[in-house]
Amino acid sequence: MEKEVYSLCFMCSVRCPIKVKVKDGQVTWIEGNPHVAGMEGSLCPRGAAGTSLLYDRQRVQSPMIRVGDRGSGNWRKASWDEALDYVGDKLKAIIDKHGGHSVVLGERTQLATHVSKTFLKAIGSPNHFTHDALCKGSVNTACRSLFGYTDGQIGVDYRNTRHIVLYGRNIFEAISVKEVNNLMAAMEDGAKMTYIDPRVSVTATKAHRYWMIRPGTDLALNYALMHVILDERLYDAAFVDRWVHGLAELQDFVSSYTPQWAETETGIPASEIIDLARELAKDRPGIAFHYGYRGASHTNEIYLRRSILMLNALMGSIETKGGIFFKKGPGEAGGKAARKLVEQDFPKIDMPRFDKVGTPDFPLPDPAHGVPHRLPDAILNADPYPIKALFNFRFEPLMSIADTELTRKALDQLDLIVTIDINYSDIAWYSDVILPESTYLERTDCIQQANGLKPQMFLRRQAVTPRYDTRDGAMILKQIADRIGTGDYFPYENMDELVRWQLEGTGFSMEDFDAKGFVAYGKKQIFWDRMDGLKLKTPSKKIEFKSSLLEDAGFESFPTYEPMPTAEPGKFRLVTGRTALHTHISTQNVEYLNELCGENVLWINNRKAAALGITDRAMVEIASSRHSGKMRAYVTDLIHPECVFLLHGFGHQAKRAERSYNKGVSDAALQENRYDKVGGSPAYHDTFVNVKAA
């Protein structure tokens, strides 16, 4: 028997539409969904390795209950009933003694996030968080400060752009297939790309203009660009006059931030800064300053991200072809969105969040995602109250939250750690119970509401039966809820029932997804009228350069620029990033991908390496105030001399993930847990390290 199943990849968080070929119950081929514009049948390396994950013998194959010390690797196999009863009994005892707010659940944002949030709401806990805040919390806050929309409600029209400016957005390695294909098509049609990064990434090699900026000084560059744009009146005056609040204040603020000043701070010649501003002005409004995906580098992150968005507004490149746009939902096309379990009535929750988001102590980050890097301190200090249980739903605090040793110390204070995961992640290895989830090829999932210029819905369909004794994550949470008395909030007995419940009232059925894997609410792209039709959600109904969100919370809209500190002699700023071959910390043990990239190396400038007696491929020791480790050096002139670089996600300590165990060094172990106290993101690039020959 042969069949084709339209579904959604989940080898990363992008969820690219795919077509899966199945023969005799085995997946034989995966390709991009040919019916989806921009996919054109293509997939990234991670997507192509989906079968490797599916058939991996090193996956978690059944529920596991810890019998030794945490992290010892001593487990016993359990039935699902035993494991779920164990979790239910422990959890109920914790809730009865300490309250539902003592339970925290963190996850990698996914289609079943509404199920996870329902799980916590039903027990009276406000403590749901996602990995999004570790990645782009300050981008989210910056977008809300200007537009009233989150970054997730904004998109870039790559296909029609005439010039795109990327600040470390390594788009050709941190791959979203549709974005990459559309940008490549635009560049083939003559679009230009400017790329700014202390390191020559793959994206840098494709750029028309590449600037090896001094690490951490992008904000200085942007203030200088604004200076030129305003001084030479290169901006879109009609758009700015109609929609911008605070132009005069910005103009006064950037008057002293000249290109000559920025040259000293950034290392980029003043003449080149001026040339870029003038060049972009000729192509506006169909240009895009990309506001970033991972906006988690420095303690002033929100102001960098605001500056990028303000440059878009100055150029009028908002809600226009080739620029940035606000994503349109079903209502814009006369339709109705899929239902979510969180729309039910729940008991009132009066307790603050564990991270104090939404309180005067931490008012601005988005409570929809929370601030997970505050978790270790919240546990250790019992502030604002004791935390007793942590659920990790395919989320990895030990390798995602900076300062792994501090996180581990906090985890030791918990009464219960439960992990729902596919792999033996480090947090699974450190848990009390592992509840194994089926891979995306083995399960049907919740509806994806894909808002954009053309609002659509997608469906992840089960392609094959589970290879091991695993279950759908949304079913696991329901089955725990049944055991603690909150099962009524989960009105389904299997995933098909949940999807059909979600689709009620939308006018679509599950069968409507069979032909192409998605349904569309309309055929035409929806752009709002740029001069009269922007539906901004700020108090002023304008783009707020002078931000009420910030200033009402006691923060400045335009804080004075503070020079980026230079590393002490013998030290380097630690910079981290990604490769096309891996997703965060989750794919290093996938056999196909591990063969291609099995460990990380340390990029170091050739002049600095020579002074330290370090040769290419030699072993070096890297040490911070938190951790030290050994890895191979990659000696090159393709990185700024003030920094060193390593890939995120290596240095795994879970021994049953044999291919990735103890390979490379973990960036999270090296990093200090510093963060942007306005926007919410971690400051991953504000740690300094020593490097020496090993």
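What counts and how
Per chain, residue numbering runs from 1 following the sequence as it is written. With the structure being a predicted model, the display of local features is reserved for residues of pLDDT at least 70 and the display and counting of side-chain atom pairs for 80 or more, all residues being used for whole-chain, interface and lining totals. Hydrogens and water molecules were not included; the side-chain quantities draw on all heavy atoms of the structure. Between 30 and 60 degrees the pair is tilted, below 30 it is stacked and above 60 it is edge-to-face, where a pair is any two Phe, Tyr or Trp rings, Trp via its six-membered ring, whose centres lie within 6.5 Å. Counting as a charge over the ring demands two things of the Lys NZ or Arg CZ atom: a distance within 6 Å of the ring centre and an angle within 35 degrees of the ring normal. Any residue with an atom within 4 Å of a point lines the site, the site being either a cavity, points on a 1 Å grid over the protein atoms alone where a 1.4 Å probe fits but cannot get out, or a pocket, an open set with protein on both sides within 12 Å along at least 5 of 7 lines. Grid points are joined across faces, edges and corners, and a volume is the space filled by probe spheres set on the points. Where helices and strands are cited, they refer to DSSP runs of H or I of at least four residues and of E of at least two residues respectively, numbered from the N terminus. In this classification, the charged set is Asp, Glu, Lys and Arg, the nonpolar set is Ala, Val, Leu, Ile, Met, Phe, Trp, Tyr, Cys and Pro, and all remaining amino acids, among them Gly, are polar. Here a polar contact is recorded for every N or O atom pair within 3.5 Å, except that within protein the pair must consist of a potential hydrogen donor and a potential acceptor, and residues adjacent in sequence are included only if both atoms are side-chain atoms. Should any heavy atoms of two residues lie within 4.5 Å, those residues are counted as being in contact. Two strands are counted as paired when DSSP detects at least two bridges linking them. Simply put, an axis is a line fit to the C-alpha atoms, just over the touching stretch for a helix, and the angle between two N-to-C directions goes from 0 to 180 degrees.

Chemist: Any chance you could explain the packing of aromatic side chains here in plain terms?
Modeler: For any pair of aromatic rings, the description rests on two quantities: the centre-to-centre distance and the angle between the ring planes. Under the counting rule described, the total for this entry stands at 23 aromatic pairs. One aromatic cluster in this structure is built from Tyr223, Phe253, Tyr257, Trp261, Phe558 and Tyr561. Across from the ring centre of Phe10, 4.9 Å away, lies the NZ or CZ of Arg108, which sits over that ring.

Chemist: Sorry if this is basic, but what is going on with the layout of surface pockets here?
Modeler: The probe, sized like a water molecule, is rolled over the atoms to show the empty space still left. Considering only enclosed or pocket space, the second largest pocket measures out at about 370 Å³ in volume. Among the elements of the structure, α8 (218–231) and α13 (301–314) are those that each provide at least two residues to the lining of the second largest pocket. Here the residues of the lining of the second largest pocket sort into eleven nonpolar, four polar and five charged.

Chemist: How should I be thinking about the side chain of His290 in this particular structure?
Modeler: For His290, the location among the structural elements is in the loop between β13 (287–289) and α13. A distance of 2.9 Å separates a polar atom in the side chain of His290 from a polar atom in the side chain of Tyr158. Polar side-chain contacts of His290 include one of 2.8 Å to the backbone nitrogen of Gly292. In contact with His290, not counting residues within four places along its chain, are Val156, Tyr158, Ile164, Val165, Leu166, Tyr167, Arg169 and Ile308.

Chemist: Could you clarify how one ought to interpret empty space enclosed by the protein in this entry?
Modeler: Following the criterion strictly, the structure yields five cavities of 30 Å³ or more and no others. As a volume, the second largest cavity reaches approximately 60 Å³. Cys9, Met11, Cys12, Arg15, Cys16, Leu43, Cys44, Arg46, Gly47 and Val177 are the residues that line the second largest cavity. Of the residues belonging to the lining of the second largest cavity, the class tally is seven nonpolar, one polar and two charged.

Chemist: Help me understand the sheet that holds strand β11 (residues 209–211), please; the structure alone is not making it clear to me.
Modeler: In a beta sheet, neighbouring strands are held together by backbone hydrogen bonds and run either parallel or antiparallel to one another. With parallel pairing, the four strands of this open sheet are ordered in space as β11-β10-β9-β13. Where the open sheet ends on each side, the last strands, each with one partner, are β11 and β13. Here the strands of the sheet are splayed against their neighbours by 10 degrees on average, with no regard to which way each runs. Two strands pair when backbone bridges link them, and strand β9 (residues 163–167) and β13 are joined in this way by three bridges, in the parallel orientation. Along β13, the bridge assignment pairs His163 with Ile287.

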